Amino acid sequence: PGGLNFIEKWWIKHREWLQECGYILSRPRYQPDWTPSWKPGQYYPSFEDGRATRIMDATRSSDGLHVTIKRIHVNAASEEVDVYQRMVSEPISSDPRNRTAPLLDVLQVPDGSGERLLVMPLLRPFANPEFETFGEAIAFFTQIFEAIQLMHDHRIAHRDCTFNNIMLDPSGMYPVPFHPREIDRRRDWKGKVPHHTRTQCPPRYFLIDFGLSRVYPPAEVPYDLPIRGGDKTVPEHDNETELCDQYAVDVYYLGNLVRERFIWKYHGFEFMHSLVGDMVAVNPSRRPTMDGVVTRFKEIRGSLSSWKLRSRLVRRKDWAIVGLYKSIGHWHRRLAYIATRKPAIPDA
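One structure accompanies this document, and this report is about it. Along every chain, residues carry numbers that run from 1 in the direction the sequence is written. Only residues with pLDDT of at least 70 are given local features in this predicted model, and only at 80 or more are side-chain atom pairs given and counted; all residues enter the totals for whole chains, interfaces and linings. Excluded from the side-chain calculation are hydrogens and water; included are all heavy atoms of the structure.

Observations regarding the pairing of strand β2 (residues 56–60)
Short version of the rule: Summary of the burial criterion: residues with accessible area below 20% of their type's maximum are buried, those above 50% are exposed, and those between are partly exposed, where the area comes from a 1.4 Å probe applied to protein chains only. In DSSP terms, a helix is any run of H or I states spanning at least four residues, a strand is any run of E spanning at least two, and both are numbered starting from the N terminus. DSSP-based pairing: two strands are paired if at least 2 bridges between them are found.
Most of β2 sits out of view: 5 of its 5 residues are buried. Along β2, one buried face is formed by Met56, Ala58 and Arg60 and the opposite face, lined by Asp57 and Thr59, is buried too. Relative to β2, strand β1 (residues 23–24) runs antiparallel, the two being bridged by 2 bridges. Its bridge partner lying in β2, tyrosine 23 is registered against arginine 60. With 4 bridges connecting them, β2 and strand β3 (residues 66–72) associate as antiparallel partners. Along β3, the bridge assignment pairs aspartate 57 with threonine 68.

With respect to the packing of helix α4 (residues 134–153) against helix α5 (residues 246–263)
How we decide: To obtain each axis, a line is fitted to C-alpha atoms, and for helices this fit is confined to the stretch in contact; angles are then taken between N-to-C directions over 0 to 180 degrees. When an angle is under 35 degrees it counts as roughly parallel; over 145 it counts as roughly antiparallel; between 65 and 115 it counts as roughly perpendicular; any other value is oblique. Residue contacts are defined here by distance: any two heavy atoms, one from each residue, within 4.5 Å place the two residues in contact.
Across the interface, α4 lies against α5 with an axial gap of 11 Å and an inter-helix angle of 170 degrees. Taken together, the axis directions place α4 and α5 in an arrangement best described as roughly antiparallel. For the pair α4 and α5, contact is made by Ala137, Phe140, Phe141, Ile144, Phe145, Ile148 and His152 and by Tyr247, Asp250, Leu254, Leu257, Val258 and Phe262, respectively.

Focus on the packing of aromatic side chains
To be explicit about the condition: Put simply, two rings from Phe, Tyr or Trp (the six-membered ring, in Trp's case) pair if the centres are within 6.5 Å, and we call them stacked under 30 degrees between planes, edge-to-face over 60, tilted for the rest. Here, a charge over a ring means that NZ of Lys or CZ of Arg falls within 6 Å of the ring centre while also lying within 35 degrees of the ring normal.
Here the structure, examined in full by the defined rule, presents 27 aromatic pairs. Plain terms: the ring middles of phenylalanine 131 and tyrosine 205 are 6.3 Å apart, the flat faces sit at 20 degrees to each other, and that makes the pair stacked. Placement of the pair is phenylalanine 131 in the loop between β6 (124–125) and α4 and tyrosine 205 in strand β9 (residues 205–207), with a sequence separation of 74 residues. Centre to centre, the rings of phenylalanine 141 and phenylalanine 297 are 6.1 Å apart; their planes meet at 75 degrees, and the pair counts as edge-to-face. Here phenylalanine 297 lies in helix α7 (residues 290–303) and phenylalanine 141 lies in helix α4, a separation of 156 residues in the sequence. Of the two residues, phenylalanine 141 and phenylalanine 297, both sit in the buried class. Aromatic rings pair up to connect Phe126, Phe131, Phe134, Phe140, Phe141, Phe145, Tyr205, Phe262, Tyr266, Phe269, Phe271 and Phe297 into one cluster. The lysine or arginine in question, arginine 185, covers the ring of tryptophan 189, its NZ or CZ lying 4.3 Å from the ring centre. Looking at arginine 261, its charged tip hangs above the ring of phenylalanine 163, at a distance of 3.8 Å from the centre.

Concerning unusual backbone geometry
Here the amide bond leading from glutamate 90 into proline 91 is cis, since omega sits at 5 degrees, within 30 degrees of zero. Along the polypeptide, proline 91 turns up in the loop between α3 (74–87) and β4 (105–108). Even without being glycine, arginine 341 reaches a positive phi, approximately 60 degrees. Here arginine 341 is to be found in the segment after α9 (320–339).

Observations regarding α9
To keep things clear, this is the line we draw: A helix is expected to reach a length of 1.5 Å times the quantity of its residues less one. An arc is given here, and it is the one of the directions from the helix axis to the C-beta atoms.
Its 20 residues give α9 an end-to-end C-alpha distance of 28 Å, which sits within 8% of 28 Å, the value for a rise of 1.5 Å per residue. Along α9, the positions that sit buried rather than exposed are Gly323, His330, Arg334 and Tyr337. Seen end-on, α9 carries its buried residues on one side only, within an arc spanning 55 degrees. Exposed side chains of α9 directed beyond 90 degrees from the buried face belong to Ile321, Leu324, Tyr325, His332, Leu335 and Ala339. On the buried face of α9, the contacting elements are α8 (306–310). Once α9 ends, the next one or two residues include arginine 341, with phi positive near 60 degrees.

Comments concerning the side chain of lysine 70
Keep this limit in mind: Polar contacts here mean pairs of N or O atoms no more than 3.5 Å apart (in protein, one a potential hydrogen donor and the other a potential acceptor; neighbouring residues in sequence count only if both atoms are side-chain atoms).
Turning to its location among the elements, lysine 70 is positioned in strand β3. Only 3.1 Å separates the side chain of lysine 70 from the side chain of aspartate 209, close enough to count as a polar contact. Leaving out residues up to four positions away in the same chain, lysine 70 has contacts with Ile55, Glu80, Arg116, Leu117, Leu118, Met120 and Asp209.

Next up, the structure:
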């Protein structure tokens, strides 16, 4: 129990080649002489070297940057790499709406398999740590709505812009490195990792995983057979033989993300009900385009008061005593933000 799985053994097999490429598998678990630090019968996941991985983490030897390396199989590599490289090349790369995770490197595996490795910075799930204020949520909505609008402007449908594929850039919020497999702990495994709030250090949010994405020619209507992403609730996906508008699917994904991760989770998001209700309409022809979403959202954003934007997000399932404890810390931070002129909407 806790030993190397077959995916990890693949990475170890290519360890020396990766090092030649400038990427070091630095965790103890992936060293040639590794032996488990736990004893038989102990709960191995509580040990640093007991945490297995599927997508490898590494350290770039040139500057010590912590990175993630994703293995792309030959039958899917061409489309994903092509879309990714489009998103990080001009004219898209310099557009301020672009929220594509940086592509640091593309490596061709030297074993004849045709596999490629995509190297990206080490990121965090977009909702970790939790959002504290409405202004922080508004900044997130702004970035992610505009990111998909940009893709549609360039005839690209993401087709899987769900919660698992939206990440947070931790470079400003986390002065101390976090562990790649236990992200709330320090990388050295010595306790919890400290962090700044989103208001203190406004983060950028990134789209990842273009494995299902597709580029459509200018004259072609973006219709395809359904292809299921991380969110299985898209109404038109119930009929697997009928073509559907892939842009409308992206709109649904974003609307359902806001509904499930914010409206249903926290009190006070009534101002998003109308827009989100239209974005998740059962009939895809009744959903707004991303241009329409961005236009309507700008009006919503402009209508919110500073008091509302600086207010704390209250979870629907919080106990009253927990809410009181959180409110004390929130008011201390809130007054400090006002005194130091931190914007109510922390745009990156």
